[in-house]
Amino acid sequence: MLETLKGLLHKKNEMLKDMFEHALNISTALEKNDVEQVLMILKLRQQEMGMIDEIDKKILSSFAGDFTVLWENIKNDEELKIIYSEIQSILKKIKAQDDQNMEKARKEKLKLSDDIKSVRHTGQAMRGYGVIDGRSPNFGAFIDTKK
């Protein structure tokens, strides 16, 4: 049972390392404003998250869903402790990188939102002057009736 647990945790650790690489690649793609690349990486990452969920289910099912037994096995085996601490470390790195990526994406969204507002405002002004829609501008005329 311990060998199975070690194998599953090793596999999870490797997949988490891949997820961290994906987080770094997302950061690079965000800097380049490559939305298609970001979406492609997110799709791969989502698949890996599904596989990690399956690994977690296998781990829990081998201990009948009892976290205390699982934790006792990890605490009592040096190799499992090391793997567990590596997993925790990678998860923290992933979280930190994801937070940075979210902030970059949020800033980019705000920038795009401002650009859209500017384009709308310019379009309204152009319509008002008759440049858009092919209408002639409505210039007023002042007629002085006093003599």
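As shown above, the structure is provided for reference.
Residues numbered from 1 in each chain as written. Predicted model: local features only at pLDDT ≥ 70, side-chain atom pairs only at ≥ 80, totals over all residues. Heavy atoms only, no water.

(A) Broad picture of the side chain of Asn101. Take Asn101: it is sitting in helix α4 (residues 78-128). Beyond its immediate sequence surroundings of up to four residues, Asn101 is in contact with Ala23, Ile26, Ser27 and Leu30. (Helix = DSSP H or I, 4+ residues; strand = E, 2+ residues; numbered from the N terminus. Contact = heavy atoms within 4.5 Å.)

(B) Local environment of the packing of aromatic side chains. Scanning the model with the defined rule gives 1 aromatic pair in all. Taken together, a centroid distance of 5.1 Å and an interplanar angle of 65° make the contact between Trp71 and Tyr84 edge-to-face. Note that Trp71 is positioned in helix α3 (residues 67-75) and Tyr84 in helix α4, a separation of 13 residues in sequence. (Phe/Tyr/Trp six-rings, centres within 6.5 Å; stacked < 30°, edge-to-face > 60°.)

(C) A look at unusual backbone geometry. The backbone of Asn33 sits at a positive phi, close to 55°, despite the residue not being glycine. Overall, the relative accessible area of 43% leaves Asn33 in the partly exposed class. (Buried < 20%, exposed > 50% of the residue type's maximum accessible area, 1.4 Å probe, protein only.)

(D) Spatial organisation of the pattern of salt bridges. What the rule picks out here adds up to 12 salt bridges. Between Glu3 and Lys6 there is a salt bridge whose closest N-O contact spans 3.6 Å. Placement of the pair is Glu3 and Lys6 together in helix α1 (residues 2-31), with a separation of 3 residues, close to one helical turn. Note on Glu3: relative accessible area 59%, which makes it exposed. Owing to a relative accessible area of 11%, Lys6 belongs among the buried residues under this scheme. (Salt bridge = Lys/Arg side-chain N within 4 Å of Asp/Glu carboxyl O.)

(E) Structural context of the environment of Met102. Here Met102 shows up in helix α4. Taking relative accessible area as the criterion, Met102 reaches 59% and is therefore assigned exposed. Along the primary structure Met102 and Leu30 are separated by 72 residues, whereas in three dimensions their C-alpha atoms are 9.8 Å apart.

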